[in-house]
Amino acid sequence: MSKPSSTAALLAASVLVVITAAAAQDAAPTATTPGISGVVAAGTPIKLIKDGFNGTEGPLPLPDGSLIFTENRADRVIHIAKDGSTSTFLDKANGINAFAAAANGDLYAVQTLKPRVGIVHPPGREKVLAELYDGASFGRPNDLVIDKRGGLYFTDSGTQLNPEQQPPAGKPGVYYLPLGGQLEKVASDIERPNGVQLSPDERTLYVANTAGEQVLAYDIGKGGKLGPRRNFAKLEGWKQTDTGPSSGADGLAIDQDGRLYVASTVGVQVFSAKGAALGIIPLPKAPQNLAFAGDDKKTLYVVGRGAVYSIATLSGGYQGRSK
């Protein structure tokens, strides 16, 4: 029997390398969570639902346990069914960046192409609620949350989208729009306000300051007005960058026990209701926003840098409002 030629041997070796590499890739470990008491069990898989979206922001659970989020750079909204399949929910929606749902099912959104806040769904219920304050347009409305009275808190990061925009865009701030009432700027002392969230008892408003080292908190008074700013929780990952200081603090979520979840450059940072650091869930890509969904709200969906992940949690999201 003749020996195989050197060419044939080389080809066989190459095929073996490819097969071995493929097998190694298939066997690569799935990203998992560390253990955080009462929050997530150690070794819980971080499941990739889908990657490659053109922007990922503003996740919101729907009553049937599914989820929507905004593919903001593509100016469309994506629906994730409970089986993980995706489809377009809204298209050409004026650059939606985040959602909140009212008790009657109306979907409220902050919109960025023409900066404004309003009702965007269902069809026939669309309505602009705010697009000016003291004669100035908003810079970049960022996030929002609806209280039990139907009042709406939203942040404006103040980014000027168009230097020639008239009237000029307003400065960064937090606004409150009472149901049927007058828009008021309730905080103007945050360098770069981003995610906004209410405590379960709605006595405290949390605001993520992307430029700062702390998640901020305000006591809520009569008529939705805010008390003095205070530091609530110190963030990991704060550093000086080429564009200034940043923690990457973005979206906020709350669970049934009042824990606060913060999407930041280092992952999902979890804090107790008193602001104590409980742990960090690192993800393959830095997260930008997050929300609890599913029938029991025990699935944490995290979006960021074009990817969407889901994580099974021990504690469910707060059931008293959509987010």
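Quick caveat, the model's predicted, so the values are computed rather than measured. (Residues numbered from 1 in each chain as written. Predicted model: local features only at pLDDT ≥ 70, side-chain atom pairs only at ≥ 80, totals over all residues. Heavy atoms only, no water.)

To continue, consider the packing of aromatic side chains. Tallied over the full model, the rule gives eight aromatic pairs. Look at F53 and F69: their rings are 5.1 Å apart centre to centre, the planes differ by 80 degrees, and that puts the pair in the edge-to-face class. Linking F53 in the loop between β1 (47–50) and β2 (57–61) with F69 in strand β3 (residues 67–71), this pair joins segments that are 16 residues apart in sequence. F69 carries the same exposure label as F53, and that label is buried. On the numbers, 5.1 Å between centres and 15 degrees between planes, the contact of F154 with Y175 is stacked. Linking F154 in strand β13 (residues 152–156) with Y175 in strand β14 (residues 173–177), this pair joins segments that are 21 residues apart in sequence. Look at F154 and you get buried, because its relative accessible area is 0%. Overall, Y175 belongs to the buried group, its relative accessible area being 2%. Put simply, the rings of Y133, F138, F154 and Y175 touch in pairs and so form one group of aromatic residues. (Phe/Tyr/Trp six-rings, centres within 6.5 Å; stacked < 30°, edge-to-face > 60°. Helix = DSSP H or I, 4+ residues; strand = E, 2+ residues; numbered from the N terminus. Buried < 20%, exposed > 50% of the residue type's maximum accessible area, 1.4 Å probe, protein only.)

So, on to the pattern of salt bridges. Counted according to the given criterion, the structure contains 13 salt bridges. One salt bridge in this structure joins E131 and K114, with 3.9 Å as the shortest N-O distance. Highlighted residues: E131 in the loop between β9 (127–130) and β10 (132–133) and K114 in the loop between β7 (107–111) and β8 (116–121), separated in sequence by 17 residues. Of the residues examined, E131 reaches a relative accessible area of 30% and is grouped as partly exposed. Note on K114: relative accessible area 47%, which makes it partly exposed. Here the residues in one salt-bridge network are D255, D257 and R259, joined through shared partners. (Salt bridge = Lys/Arg side-chain N within 4 Å of Asp/Glu carboxyl O.)

Formed by 18 residues in total, the largest nonpolar core has its most connected members in Y261, V268, I281, L290, L300, V302 and I311. Among the elements of the structure, β23 (260–264), β24 (267–271), β26 (289–293), β27 (299–304) and β28 (307–312) are those that each provide at least two residues to this core. For L290, the contacting residues outside a window of four places in its chain are P59, G251, L252, A253, Y261, A263, V268, L300, Y301 and V302. Counting 16 residues, the second largest nonpolar core, distinct from the first, contains V117, F138, L144 and I146. (Core = buried A, V, L, I, M, F, W, Y, C linked by side-chain atoms within 4.5 Å. Contact = heavy atoms within 4.5 Å.)

Taking strand neighbours across the sheet as the criterion, the four strands line up as β1-β28-β27-β26 in an open arrangement whose pairing is antiparallel. What marks the edges here is a single partner per strand, and that holds for β1 and β26. Put simply, the sheet's adjacent strands are angled 25 degrees from each other on average, direction ignored. As paired elements, β1 and β28 share three bridges and run antiparallel to each other. Paired with L48 across the bridge in β28 is Y309. (Pairing = 2+ DSSP bridges. Axes fitted to C-alpha atoms, helices over the stretch in contact; angles between N-to-C directions.)

Note: predicted coordinates in regions of low pLDDT should not be interpreted at a detailed level. In the predicted model, the protein carries a mean pLDDT of 90, and 88% of its residues have values of at least 70. Residue range residues 6–28 is modelled with pLDDT below 50. Its contacts to residues more than four positions away, or to other chains, number zero contacts. (pLDDT = per-residue confidence, 0-100.)

Looking now at the pairing of β28. A regular strand places its side chains on the two faces of the sheet in alternate fashion. Judged by how many residues are buried, β28 sits mostly within the fold: five of six residues are covered. Bridge analysis of β27 against β28 gives six bridges, and the strand direction is antiparallel. Residue pairing for β28: G304 is matched across the bridge by A307. If you look at the hairpin formed by β27 and β28, you'll find two residues sitting between the two strands, and R305 has a positive phi there, around 50 degrees.

Along the chain, D250 falls in the loop between β21 (244–246) and β22 (252–254). The side chain of D250 sits in the buried core without any salt bridge; R305 is the nearest counter-charge, 5.7 Å away. If we ignore the near neighbours within four places in the chain, the residues touching D250 are E57, N194, G195, A208, A263, Q288 and N289. (Lys, Arg positive; Asp, Glu negative; His and termini not counted.)

To continue, consider the environment of L278. Relative to the helices and strands, L278 is located in strand β25 (residues 277–281). L278 sits 18 residues away from L260 along the chain, and the two C-alpha atoms are 9.9 Å apart. Here L278 is in contact with I36, R259, V270, F271 and S272, once residues within four sequence places are set aside.

Here we take up the pairing of strand β4 (residues 76–80). Among the five residues of β4, four are classified as buried, and the element is accordingly described as predominantly covered. Taken together, the five bridges between β3 and β4 define a ladder with antiparallel strand orientation. By the bridge assignment, I68 is partnered in β4 with H79. Between β3 and β4, which pair antiparallel and follow one another directly, the connecting turn spans four residues, one of which, D75, has a positive phi of 55 degrees. Both β4 and strand β5 (residues 86–91) contribute to a ladder of five bridges, which runs antiparallel. By the bridge assignment for β5, V77 is matched with L90.

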